[in-house]
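Overview (structure and organization)
Spelled out from the first residue to the last, the chains are:
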Amino acid sequence: MSGQSRNSWIKKDDPKLVSGKQKDIFEDILEDRRHSSDAKWAWHARDVPLYKYNKARSPEEIKKQVIQSDRVKYAIEQVCEESGLPLEEIHKQTMEIVNEMAHNLSINAIRGFAVFLVKVMKALFRRIYVNEEGIQKVRSTIKEYPVLIMPTHRSYFDFLLVSFVFFAYELPLPVIAAAMDFSSMKFFGWLLRNCGAFYIRRSFGDDQLYWAVFTEYVQTQICNGDHPVEFYVEGTRSRTLKSYSPKFGMLSASLEPYFKAHIPDIMVFPVSISYDKVLEETLYAYELLGVPKPKESTGALLKARNILNEDFGNVHMYFGEPISIRQYTTGKIDRSVHSLAPRYIASLSKEETELLKTLGYDVVMKHLKHMVISPWSLIASVLVQNKEGITVKQLTREVEWIKRQAFNLGAYIDWPGNETADDIIRSALFLHKNFVEVTPEDVIQLVSVAAPHQKGQDELMQSAAQHMVLTLYRNQLMHVFVRIAMVTISINACPNDTLDIDELFTKYFFLEQLLNRDFIFRPGSTKQDFENALLTLTHNCGVVIEDNQVQIKKSQNKYTTFFSQMFEPFLLGYWILGRCILSTQIDVHNKPIAKPIKTISREAQSLGARLLRERCIRNLEVLSLDLLGNGLHALLHMGAVKKERRDGQPYMYPNTIVLTNICAQIETFIEVPRIPTTSINVESKTVVITAKL
């Protein structure tokens, strides 16, 4: 048990309770299902707790009340007045929106699906671990308050797992905000709707009528406590297995009833879902390289049924401590500001909007805190830096080292205490045998990753896909080290003998701005994060500070090198992006030509591919369109690029002076290749930009 669970969030750690079915605070919910009838289980009588103020309503009654609500009536009147269309036409549009959106939750459909789903779960996963203490808190809370469920979103399986757990523990099934794409799937779109999915468009724009129907539909179910409402605060599925920055549209609509005093409180449950192996790993790798994902369809789902013969290891689901919105907002907002305006007119105060932002980041931070790190994530972190090959013996030594570092920083490592490190690592390698193999010489090699639905991939893209799969699993560990790495990058790159702490913080602040789309940083916590990271490095990692100065030669060591190398690919990718944007041609008005966002990312990817083929750089991660897209938005936030809209589409062009300065700053942290440049005069300042590539 040593090195497994001395984490602050684990309150019970009794070695006697560690078995296949039970592990620390987790319990496997599949064990009993393997020894009893699936049909009897699915059709057994359920004793489900209900919200104490709930008034039972059918899905049809919910739709009727939405249409008859003051909010929707007001929106219909406004649209009629603005569009000049007859009332009957707008009312028809409203009905279409409601019918397109609404769930049709049916317990009989759920029971039927449960028989099928439990068989799929048993085929795919060895165990599904759930912290039962968290489930009991959900059970008691549902009786007293409306409940929001906010899971991580790293696989299509996330919402199936949450519903499966709620069914298994006899909790009311959540209604789930699902993307409209799924509704068009034959049979399965209907089935998911009957199991609680309500479908919403990916963007509403300024469609006033749709906003009104959506808001009312969500809020009426929260206020009446019909079912827990489940949605992903990150807004979309993460193709990188990192957490995304929160989105606030659904969160705003969900919490508005509390802000406007419709209800006394709302309880939010963050749920962290950790996979040993994700079903979509190959799809994600190629999506990151620009291969379009296959359209969600029943045919594609049936073609993928061969995955039922594969082993995807374990899943860990941690239901976090509930967040009381009443307690969270005490002393921070004044709900009386809404007392004079009709409650159905959407409006939040500045304080409420800022609080929503803070809450969104806090939920994502809680997600990260309770993720379970698999041995394979540790292995991937080592393999990424040893692409030329490494023996199992060397790998074991490096993995044990990085495990200690992650453990010291509070990560929960799923590391069985009754097995040797060699056995654990070989077991993880075997689980991912579709991706790695061990040669007779005990050297680990990568296996080629075939592109889904595409033939004729060139050698570079195939190698990049191999690398992307590694980075997916390494990414599950990155949040543990990102803050200390932003300190070590500056220490490792410093050419002087000492580095002033204030200057070190300035560099840290710059890196946080640059990385803030790829990693999660709580707003307003920069200084505290920096000080905590520096404290960790001085206490545990050999960094030496004397007279408020970092002693560079004494501080550079394995710790600073390894942590820096984990994050250097991101800086290199941003630098390539910046140099690509600086090569933009000038129009007749002496202004850089604006380009669509996707075009800029694709051109930067092409530049990265050229540099890789010419062996100017070695890191394949610079080809990730996700990394380049995040870098572009970070540069926009830093004022290095500017945005304008043309025909409703966003275009961007460089702020040459600022972008040149940022590229120069990145060059102080990492080695960069030589790219042809030219000097021009901008606003009386000489600026070096990339020549046309």
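See above for the structure.
The model shown is predicted, which means the values in this text are computed figures rather than measured ones.

**A word on the overall build of the protein chain**
When helices and strands are counted, the protein chain shows 25 helices and 23 strands. Over its C-alpha trace the protein chain gives a radius of gyration of 26 Å, about what one expects of a compact globule, namely 26 Å for 693 residues. Referenced to the eigenvectors of the C-alpha coordinate spread, the extents of the protein chain come out at roughly 70 × 70 × 55 Å. Looking at the 693 residues of the protein chain, the share that counts as buried comes to 56%. In the form shown here, the protein chain has an accessible surface area of approximately 30300 Å², with 50% of it arising from carbon and sulfur atoms.

**Brief notes about the side chain of S238**
Residue placement: S238 occurs in the loop between β7 (229-230) and α10 (249-259). Side-chain polar atoms of S238 contact the side chain of T240, separated by 3.3 Å. At 3.1 Å, the side chain of S238 and the backbone nitrogen of L241 are in polar contact.

**Structural notes on the pairing of strand β6 (residues 197-200)**
Alternating residues of β6 divide into A197 and Y199 and F198 and I200, and every residue in both groups is buried. Note: strand β5 (residues 175-179) against β6, four bridges, orientation parallel. Its bridge partner being in β6, A178 is matched across the sheet by Y199. Viewed along the sheet, the connection from β5 through helix α8 (residues 188-194) into β6 turns out right-handed.

**A word on the nonpolar core**
Counting 226 residues, the largest nonpolar core has F125 and I128 as its most contacted members. Each residue touching F125, except ones within four places of it in the same chain, is listed here: L30, R34, F157, Y275, L279, F312, G313 and V315. Core analysis: the second largest hydrophobic core is formed by six residues, I25, Y129, Y318 and Y412 among them.

**So, the sheet that holds strand β19 (residues 595-596)**
Ordered by their spatial adjacency, three strands build an open sheet running β19-β21-β20, and the pairing between neighbours is antiparallel. Taken across any chain shown, the strands that pair with only one partner, and hence form the sheet edges, are β19 and β20 (641-646).

**Brief notes about the environment of S601**
Locating S601 in the fold gives a position in helix α23 (residues 597-613). Looking at S601, the relative accessible area reads 7%, which means it is buried. In this structure the C-alpha to C-alpha distance between S601 and S336, which are 265 residues apart in sequence, comes to 46 Å. If we skip the residues at most four places from it in the chain, S601 touches L625, L628, G629 and L632.

**A look at the pairing of strand β3 (residues 127-131)**
With respect to burial, β3 is a largely interior element, four of its five residues being buried. Bridge analysis of strand β2 (residues 26-28) against β3 gives three bridges, and the strand direction is antiparallel. Bridged to E27 within β3 is V130. Two strands pair when backbone bridges link them, and β3 and strand β9 (residues 314-319) are joined in this way by four bridges, in the parallel orientation. Across the sheet, residue I128 finds its bridge partner in β9, namely V315.

**Observations concerning helix α7 (residues 157-168)**
The end-to-end C-alpha distance of α7, which contains 12 residues, comes to 16 Å, matching closely the 16 Å that a straight helix rising 1.5 Å per residue would cover. Among the 12 residues in α7, 11 count as buried, and that is most of the element. Taken as a whole, α7 has its buried residues at F157, D158, F159, L160, L161, V162, S163, F164, V165, F166 and F167. Just beyond α7, the residue with positive phi is E170, at close to 55°.

**A short note on the sheet that holds strand β16 (residues 498-500)**
The strand order across the open sheet built from three strands is β16-β18-β17, with neighbouring strands paired in antiparallel fashion. Looking along the sheet, the strands with just one partner apiece sit at the ends: β16 and β17 (545-546). Where β16 meets strand β18 (residues 549-551), three bridges bridge the pair, whose relative direction is antiparallel. Within β18, the position partnered with T498 by the bridge is Q551.

**Section: unusual backbone geometry**
Positive phi outside glycine occurs at E170, with the angle close to 55°. The topology assignment puts E170 in the loop between α7 and β5. Even without being glycine, R615 reaches a positive phi, approximately 60°. If you trace the backbone, R615 turns up in the loop between α23 and α24 (625-637). Judged by its relative accessible area of 75%, R615 is exposed.

**Topic: the packing of helix α3 (residues 70-83) against helix α9 (residues 208-224)**
Remark: α3 packs on α9, axes separated minimally by 9 Å, with the N-to-C direction vectors making an angle of 180°. When the axes of α3 and α9 are compared, the pair comes out roughly antiparallel. Of the residues in α9, those in contact with R71, V72, A75, I76, Q78, V79 and E82 of α3 are Q208, L209, A212, V213, T215, E216 and Q219. Among the residues forming the contact of α3 with α9, the class breakdown is seven nonpolar, four polar and three charged.

**Quick look at the packing of aromatic side chains**
If you walk through the whole model with that rule in mind, you get 31 aromatic pairs. Plain terms: the ring middles of F26 and Y412 are 6.0 Å apart, the flat faces sit at 70° to each other, and that makes the pair edge-to-face. In this pair, F26 is assigned in strand β2 and Y412 in strand β13 (residues 412-413), connecting sequence segments 386 residues apart. Members of the aromatic cluster, connected to one another through ring pairs, are W401, F481, Y559, F562 and F563.

**Some points on the pattern of salt bridges**
Scanning all chains against the criterion turns up 33 salt bridges. In this structure, E256 and K260 form a salt bridge, with 3.6 Å as the shortest nitrogen-oxygen distance. We note a salt bridge from E621 to R474, for which the minimum N-O separation is 2.7 Å. Note that E621 is positioned in the loop between α23 and α24 and R474 in helix α18 (residues 459-493), a separation of 147 residues in sequence. By relative accessible area, which is 4% here, E621 ends up buried. Shared partners join several salt bridges into a network, and the residues in it are R71, E216, E256 and K260.

**Quick word on α10**
Judged by how many residues are buried, α10 sits mostly within the fold: nine of 11 residues are covered. Those residues of α10 not exposed but buried are M250, L251, A253, S254, L255, E256, P257, Y258 and F259.

Rules of the game
Residues numbered from 1 in each chain as written. Predicted model: local features only at pLDDT ≥ 70, side-chain atom pairs only at ≥ 80, totals over all residues. Heavy atoms only, no water. Helix = DSSP H or I, 4+ residues; strand = E, 2+ residues; numbered from the N terminus. Rg over C-alpha atoms; globule rule 2.2 N^0.38 Å. Buried < 20%, exposed > 50% of the residue type's maximum accessible area, 1.4 Å probe, protein only. Areas by Shrake-Rupley, 256 points an atom, 1.4 Å probe, with all protein chains shown as cover. Polar contact = N/O pair within 3.5 Å; in protein donor to acceptor, adjacent residues only side chain to side chain. Pairing = 2+ DSSP bridges. Right-handed = clockwise from strand over helix to strand, strands pointing away. Core = buried A, V, L, I, M, F, W, Y, C linked by side-chain atoms within 4.5 Å. Contact = heavy atoms within 4.5 Å. Expected span 1.5 Å × (residues − 1). Axes fitted to C-alpha atoms, helices over the stretch in contact; angles between N-to-C directions. Parallel < 35°, antiparallel > 145°, perpendicular 65-115°, else oblique. Nonpolar A, V, L, I, M, F, W, Y, C, P; charged D, E, K, R; others polar. Phe/Tyr/Trp six-rings, centres within 6.5 Å; stacked < 30°, edge-to-face > 60°. Salt bridge = Lys/Arg side-chain N within 4 Å of Asp/Glu carboxyl O.

Scope: geometric values only; no functional claims are made or implied.
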